[in-house]
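These are the residues of each chain, in order.
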Amino acid sequence: MREHVQQITPEQLTEQAQFSKLVQGHGKRPQSYYIVTYGCQMNAHDSETLAGTLRGMGLEQAPTREQADLVLFNTCCIRDNAERRALGNITWLKEIKRDRPHMLIGVCGCMMQQQGMAEKVLRQYPFVDIAFGTGNLYRLPEYLYLTIEEGRRVIDVSKEESTIAEGLPVHRDSPFKAYVSIMFGCDNYCSYCIVPYVRGRERSRRAADILREAEALVADGVQEITLLGQNVNSYGHDLHEISFAQLLRRLEDTGIRRLRFMTSHPKDLSDELIEEMARNRALAPHLHLPVQAGSDRILTAMNRRYTVREYLEKVRKLRNAVPEIGLTTDLIVAFPGETEEDFAQTMALVEQVRYDSAFTFIYSPRTGTKAASLPGALPAEVATERIERLIALQEKMTAQVLQNLVGRQMGILTEGQSTRRKSQMTGKCGRNISVNYTGGRSDHVGQIVPVYITGTGSNTLRGEYREDISHE
Ligand code: SAH
Ligand code: SF4
Ligand code: F3S
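**Q** I'd love a proper account of the packing of aromatic side chains, names of residues and values included.
**A** The tally for this structure, following the rule as stated, stands at 7 aromatic pairs. Between the aromatic rings of Phe19 and Tyr145, the centroid separation amounts to 5.6 Å while the plane-to-plane angle is 45 degrees, which identifies the pairing as tilted. One end of the pair, Phe19, is in helix α1 (residues 10-24); the other, Tyr145, is in helix α5 (residues 140-150), and 126 residues separate them in sequence. By relative accessible area, which is 16% here, Tyr145 ends up buried. Look at Phe132 and Tyr143: their rings are 5.3 Å apart centre to centre, the planes differ by 40 degrees, and that puts the pair in the tilted class. Pair noted here: Phe132 is in strand β6 (residues 130-132) and Tyr143 is in helix α5, with a separation of 11 residues, a long-range link. A single burial state applies to Phe132 and to Tyr143, both of which are buried. A cation over an aromatic ring shows up here: Arg79 above the ring of Phe361, its NZ or CZ 3.7 Å from the ring centre.

**Q** Tell me about the pairing of strand β15 (residues 326-333), and name the residues and values.
**A** Of all the 8 residues making up β15, 8 are buried; the element is thus mostly covered by neighbouring parts of the structure. Neither face of β15 is exposed, since Gly326, Thr328, Asp330 and Ile332 on one face and Leu327, Thr329, Leu331 and Val333 on the opposite face are all buried. Of the strand pairs in this sheet, strand β14 (residues 286-288) and β15 are connected by 3 bridges, and their pairing is parallel. Bridge pairing links His288 to Thr328 in β15. Summarising the sheet, β15 and strand β16 (residues 357-362) pair through 6 bridges and their orientation is parallel. By the bridge assignment for β16, Thr329 is matched with Ala358. Handedness of the crossover is the feature at issue here: the chain leaves β15, passes through helix α12 (residues 340-353), returns alongside β16, and the resulting connection is right-handed.

**Q** Talk me through empty space enclosed by the protein; I want residue IDs and the actual numbers.
**A** Sizing a probe to match a water molecule and rolling it over the atoms shows the empty space that remains. Scanning the entire structure with this criterion turns up 1 cavity of 30 Å³ or more. Here the largest cavity is characterised by a volume of approximately 30 Å³. Lining the largest cavity are Leu87, Ile90, Val107, Met111, Met112, Val121, Tyr125 and Val128. Grouping the amino acids of the lining of the largest cavity by side-chain chemistry returns 8 nonpolar, no polar and no charged.

**Q** Explain the sheet that holds strand β7 (residues 154-156) residue by residue, including any values.
**A** Across the sheet, which stays open at both edges, the 6 strands sit in the order β3-β2-β4-β5-β6-β7 with parallel pairing between neighbours. Bordering the open sheet on either side are β3 (60-61) and β7, each of which pairs with just one other strand. Two strands pair when backbone bridges link them, and strand β5 (residues 104-109) and β6 are joined in this way by 2 bridges, in the parallel orientation. Bridging from a neighbouring strand, Val107 pairs with Ala131 of β6. Set on the sheet, α5 makes contact with β4 (70-75), β5, β6 and β7; between it and β6 the angle comes to about 155 degrees.

**Q** Explain the site of ligand 1 to me, using residue names and the numbers behind them.
**A** Neighbouring ligand 1 are 15 residues, the closest being Gln230, Pro290, Gln292, Asp330 and Ser364. The separation between an oxygen atom of ligand 1 and a polar side-chain atom of Arg79 is 3.0 Å. Here an oxygen atom of ligand 1 sits 2.7 Å away from a polar atom, N or O, in the side chain of Gln292. Considered on its own, ligand 1 offers 540 Å² of accessible surface; in the complex 90% of this is hidden by protein. Within the residue set of the shell around ligand 1, elements represented by two or more residues are β15 and β16.

**Q** Provide a residue-level description of the nonpolar core, including the pertinent values.
**A** Counting 68 residues, the largest nonpolar core has Leu227, Tyr235, Phe244 and Phe261 as its most contacted members. What Tyr235 contacts, discounting residues up to four positions off in sequence, is Ile182, Met183, Ser204, Arg205, Arg206, Ala207, Ile210, Ile242, Ser243, Phe244 and Leu247. Residues Ala62, Phe127, Ala131 and Val198 belong to the second largest nonpolar core, which totals 28 residues.

**Q** Outline the pattern of salt bridges, supporting the account with residue identities and numerical values.
**A** Proximity of charged atoms lets side chains of opposite charge pair with each other. Scanning the entire structure with this criterion turns up 33 salt bridges. One salt bridge connects Arg389 with Glu340, and the closest N-O pair in it is separated by 2.6 Å. Of this pair, Arg389 sits in helix α13 (residues 380-404) while Glu340 is found in helix α12, placing the two residues 49 residues apart along the sequence. Take Arg389: its relative accessible area is 30%, and that puts it in the partly exposed class.

**Q** Which residues make up the side chain of Gln424, and what values do they have?
**A** In this structure, Gln424 sits in the loop between β17 (409-417) and β18 (425-428). What makes Gln424 buried here is its relative accessible area of 10%. Among residues more than four places away in sequence, those in contact with Gln424 are Gln417, Ser418, Asn436, Tyr437 and Thr438.

**Q** Which residues make up the domain arrangement of the protein, and what values do they have?
**A** Assigned domains of the protein: these are domain 1 (6-163), domain 2 (174-284) and domain 3 (409-465). Distance between the C-alpha centres of domain 1 and domain 3: 37 Å.

Rules used throughout
- Residues numbered from 1 in each chain as written.
- Chains lettered and ligands numbered in written order.
- Predicted model: local features only at pLDDT ≥ 70, side-chain atom pairs only at ≥ 80, totals over all residues.
- Heavy atoms only, no water.
- Phe/Tyr/Trp six-rings, centres within 6.5 Å; stacked < 30°, edge-to-face > 60°.
- Helix = DSSP H or I, 4+ residues; strand = E, 2+ residues; numbered from the N terminus.
- Buried < 20%, exposed > 50% of the residue type's maximum accessible area, 1.4 Å probe, protein only.
- Lys NZ or Arg CZ within 6 Å of the ring centre and 35° of its normal.
- Pairing = 2+ DSSP bridges.
- Right-handed = clockwise from strand over helix to strand, strands pointing away.
- 1 Å grid on protein atoms, 1.4 Å probe; cavity = no way out; pocket = protein on both sides within 12 Å on 5 of 7 lines; lining within 4 Å.
- Points joined across faces, edges and corners; volume = space filled by probe spheres on them.
- Nonpolar A, V, L, I, M, F, W, Y, C, P; charged D, E, K, R; others polar.
- Contact = heavy atoms within 4.5 Å.
- Axes fitted to C-alpha atoms, helices over the stretch in contact; angles between N-to-C directions.
- Near = heavy atom within 4 Å.
- Polar contact = N/O pair within 3.5 Å; in protein donor to acceptor, adjacent residues only side chain to side chain.
- Areas by Shrake-Rupley, 256 points an atom, 1.4 Å probe, with all protein chains shown as cover.
- Core = buried A, V, L, I, M, F, W, Y, C linked by side-chain atoms within 4.5 Å.
- Salt bridge = Lys/Arg side-chain N within 4 Å of Asp/Glu carboxyl O.
- Domains from an automatic or database assignment.

So this is what it looks like as structure tokens:
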């Protein structure tokens, strides 16, 4: 089952460690870095690894990208606008580089894995010094060395992106919240989606490696771990070690206070996992369960492999098992051939499920995917009009959901001072909703503290810190 997965060998990692030392001692090495990240949590976490790798070579983070000696763009290509934004910003930096010729520019991430992109960068972006794909991230020390020592451009996008590299240094953005990847890639081939083409085949990390990382994080004072994968519900299907539910149980034993995971594909949401969600005390009462559309016809065309009825049945089971659970979702409007009736079914589903919040997207054709060749593209005005209706409906639902939470007692993982009202603290409840609260103290930062919910804002809750209440 696992032949296609290439574990990066200890020898390969040692080789990179040697390059890292060479860069560190090099007279021409960049002193500072700045990473611009687009896309999902997986990219955000990859950027933490890039930062860890650069720090290992002695670089420090620059206050702005304009001041940095090395700027890395970690790109996303999920939709056309993500790609255009990245390319626009890379081009803009060309002007800055004119005044600061020693500046190095690197481009990596999903966009680079797209067919023809390496050639395009070579030709059209001559000021880009380093470009590499998602599977080559661990080789950054080598690329940087070749660039500064030999003064040449390094463009390396491997065809074989289905690798796993263990033990890379990570510089976490937060001291009390951490991402842990449990799997990489995706085999689902939803007809609209580019991810399987740019992130490679689905592959799981070994449970022992994940647990070791989680234990180290807990020992380091981390309160919340978010497990990452494009389809975490199929964790371990390639390994035959333990199931995702069993992994969650082992993770609870590490003593982590709060555990989240994303993303769950509805077709792989098992009864075993629902039972585990009810039982596991570390698991936050939140599930991101992308539905994409409320019409069976469109779901089939999307190759999602569940019906609206099956989805709603899973939602019912989840709410039975975990009554306080908050659900969030992703929705695509204007998929090729979407009729007004199909769209009305999406609206009806949103009204029925009552999500805490939803990410809404206009369908964007991606070259190489099946949906890109489907007939029935919708005019931009229709797409815009539909997404506006959908957003308005979800806002109404969010307001109702938040209102129903007034009067609850919740544990809030405090992140810092509220930006708008400095006297208040802000953090996230188990359902991942932002809560601004009074009566907080600076020593609450990084702690889960009891808060009584007194009111709502738009997309947020308001509350007050009460030492004497129980929560969760
Ligand atoms: N693996 C996750 C999602 C990853 S992409 C999952 O299956 O849920 C995040 C979201 O982007 C998707 O859920 C989908 O709603 C949206 N998306 C993906 N491809 C898209 C496209 N071509 N056009 C518009 N939205 C898209
Ligand atoms: Fe894309 Fe579907 Fe895989 Fe999610 S499950 S990453 S939407 S192909
Ligand atoms: Fe984008 Fe890649 Fe994530 S395409 S959404 S950054 S997996």
